[in-house]
Amino acid sequence: MAPDIPQRSEHPGKAGALLDTLTGSWSDPRSGGNIDAMHTHDDHDHDDAHTAPLTETQLRVKALESLLTEKGLVEPKALDVLIDTYETKVGPRNGARVVARAWVDPAYKQRLLRDGTAAIAEFGFTGRQGENMVVIENTPKIHNMVVCTLCSCYPWTVLGLPPVWYKSAPYRARAVIDPRGVLHEFGVDLPEDVEVRVWDSTAELRYLVIPERPVGTEGMSEDKLAELVTRDSMIGVARVEAPRR
Amino acid sequence: MNGAHDLGGMHGFGPIDPEKNEPVFHADWERRVFALNLAMGAWGKWTIDMGRYAREQMPPAEYLATSYYEHWLFGLEKLVIDKGFLTREEIDARIAELRKA
Amino acid sequence: MPLLTADRVKQVLTRGDRSRMDVDVEPKVKPGDRVRTRNIHPLGHTRLPRYARARVGVIDRDHGVFVFADASGNGLGKHPQRVYSVRFTARELWGPEAAPRDTVHIDLWDDHLDPA
């Protein structure tokens, strides 16, 4: 059986060993043929980060940023705002509020299903990678799951930036061919009479799943309901759990 | 193109292995690559589709063995060179300088 | 376009990209129509995945008119076309062993498909 190709820097040793076994001409001229340069395991922030030599990846990034800054092509403060926006300001708490509103307000839910972009804009969640929103709802008979097999397309405005697993080969490869296996891995098992409907985000439409509202949440406030809604449930790989009493 | 990025239906990649409570970025260089891509894209010299296509052109074995932001780094280097913002030579020279520092 | 400065970031992010186009393009097909995707293998950029080529599906919805990614990705301009959500059964894509009820919806452009 072919070895699994690791997707992340968690398995740098395996990736290195695998690449070493590729016969022929593969080498990376940028790293002077040093295959280990493609790893990122030593790029995590360690206490000794400042004394350790920079990895090839860090050198390449630093080279680009310094050159582009010197030439007036990027402004460092703008870079910081971009980073801060997606690291701290935009995230799945946005989508959770949309879902909670849909659960308590049937008219809002209808607006959401009819024109996701406009209904989500009622919260002010607009902009990049959310310009064309399509909202889909899970029911007892239909379970929706979203993927981008070709890259990583994801509704940034309501969920922030996608998690590593969403952008990596295992999910992208399996979601369309074995969605029930994927769901099982996430702890969701669905009966055969439920349709699993996978949405491959191949164009500029971005998908948000309204998970089923769990039993046992009757009478909860919208804010409390929003706290229950997880990112994974809005991608469609998890259900929302009722709060434990 | 029939590249390695076109992953739908492929076998052999193993478990999805989600990280619990994962941070948005796993290293500072990832933050910079993310922001540099958006900032350079703002010049309008390439469309979002050209940005994707640049990343798709990574050699397949490299694409499958590297992380998401390494794909973005590859794509950005290719785009800034192809669009004439920087040359390969000046990037390499700067890398060499930084390596010695 | 000028250099992206910190004070303009929020505006730029909020504006987003203009992939949806305000032009009239007559729909090639409509919801409920059967379509067959094309068997194309371009060397350049395409958003028609290999697993969905030469497959029969049904138009689920018409999303409207957008920049055609296959053209835009190859530096060939916008070529506005309609984008449809096309519904394929799992068995159509993956064979008779696939789950009988499951489906995959893929967003495809006019140039990716023909009436079946």
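Residues numbered from 1 in each chain as written. Chains lettered and ligands numbered in written order. Predicted model: local features only at pLDDT ≥ 70, side-chain atom pairs only at ≥ 80, totals over all residues.

## Quick word on the overall build of chain C
Logical step 1: Per the secondary structure count, chain C includes three helices and five strands.
Logical step 2: N-terminal to C-terminal, the α/β element order of chain C is α-β-β-α-β-α-β-β.
Logical step 3: Within the span of chain C, comprising 116 residues, buried residues form 40% of the whole.
Logical step 4: Taking contacts inside chain C between residues at least 6 apart in sequence as the whole, the part at least 24 apart equals 60%. (Helix = DSSP H or I, 4+ residues; strand = E, 2+ residues; numbered from the N terminus. Buried ≥ 20, exposed ≤ 12 C-beta atoms within 10 Å, placed from the backbone. Contact = placed C-beta atoms within 7 Å.)

## Considering the interface of chain C and chain A
Logical step 1: Contacts between the two partners involve 29 residues from chain C, matched on the other side by 33 residues from chain A.
Logical step 2: Going through the elements one at a time, α1 (6-15), β2 (56-66) and β4 (103-109) of chain C are the ones with two or more residues in the side of chain C that touches chain A.
Logical step 3: The residue inventory of the side of chain C that touches chain A, partitioned by class, reads 15 nonpolar, seven polar and seven charged.
Logical step 4: As judged from the four bridges shared by strand β3 (residues 195-200) of chain A and β4(C), these two strands associate in the parallel manner. Pairing of Asp200(A) across the sheet is with Ile106(C), part of β4(C). (Nonpolar A, V, L, I, M, F, W, Y, C, P; charged D, E, K, R; others polar. Pairing = 2+ DSSP bridges.)

## A few points about the environment of Ser85(C)
Residue and element names in this part refer to chain C.
Logical step 1: By the element assignment, serine 85 lies in strand β3 (residues 81-89).
Logical step 2: The sequence separation of serine 85 and isoleucine 106 amounts to 21 residues, and the corresponding C-alpha distance is 5.6 Å.
Logical step 3: Apart from the residues lying within four places of it in its own chain, the contact partners of serine 85 are Asp60, Arg61, His63, His105 and Asp107.

## Digging into the interface of chain A and chain B
Logical step 1: In this assembly, 56 residues from chain A lie in contact with 50 residues from chain B.
Logical step 2: When residues of the side of chain A that touches chain B are traced back to their parent elements, those giving at least two are α1 (12-21), α2 (56-70), α3 (76-89), α8 (164-167), α9 (169-177) and α10 (179-185) of chain A.
Logical step 3: Per-element tally for the side of chain A that touches chain B: the top contributor is α2(A), with twelve residues.
Logical step 4: Class assignment of the residues belonging to the side of chain A that touches chain B gives a composition of 35 nonpolar, nine polar and twelve charged.

## Focus: the sheet that holds strand β5 (residues 113-115) of chain C
Logical step 1: Pairing within the open sheet is mixed, and its seven strands lie in the order β2(A)-β3(A)-β4(C)-β3(C)-β2(C)-β1(C)-β5(C). Strand pairing shows two members of the sheet lacking a second neighbour, β2 (142-147) of chain A together with β5 of chain C, which therefore form its edges. Averaged over all pairs of adjacent strands, the angle between their axes in this sheet comes to 35°, without regard to strand direction.
Logical step 2: This element, α9(A), spans β2 and β3 of chain A together with β4 of chain C of the sheet and lies at about 145° to β2(A). (Axes fitted to C-alpha atoms, helices over the stretch in contact; angles between N-to-C directions.)

## What to know about the domain arrangement of chain A
Logical step 1: As far as domains go, chain A holds domain 1 (54-89) and domain 2 (91-235).
Logical step 2: Computed over C-alpha atoms, the centres of domain 1 of chain A and domain 2 of chain A are 31 Å apart. (Domains from an automatic or database assignment.)

## Focus: unusual backbone geometry
Logical step 1: One non-glycine residue with positive phi stands out, namely Asn21(B), at about 50°.
Logical step 2: One can find Asn21(B) in the segment before α1 (28-41).
Logical step 3: Positive phi is not limited to glycine here, since His79(C) has a value of about 40°.
Logical step 4: Among the secondary structure elements, His79(C) is positioned in the loop between α2 (69-72) and β3.

## Looking at the nonpolar core
Logical step 1: Among the nonpolar cores identified, the biggest contains 114 residues, and Val99(A), Leu36(B) and Ala39(B) are the most heavily contacted of them.
Logical step 2: Considering each element in turn, this core owes the most residues, eight residues, to α1(B).
Logical step 3: Taken together, domain 1 (54-89) and domain 2 (91-235) of chain A each give at least three residues to this core, which thus spans both. (Core = buried A, V, L, I, M, F, W, Y, C linked by C-beta atoms within 7 Å.)

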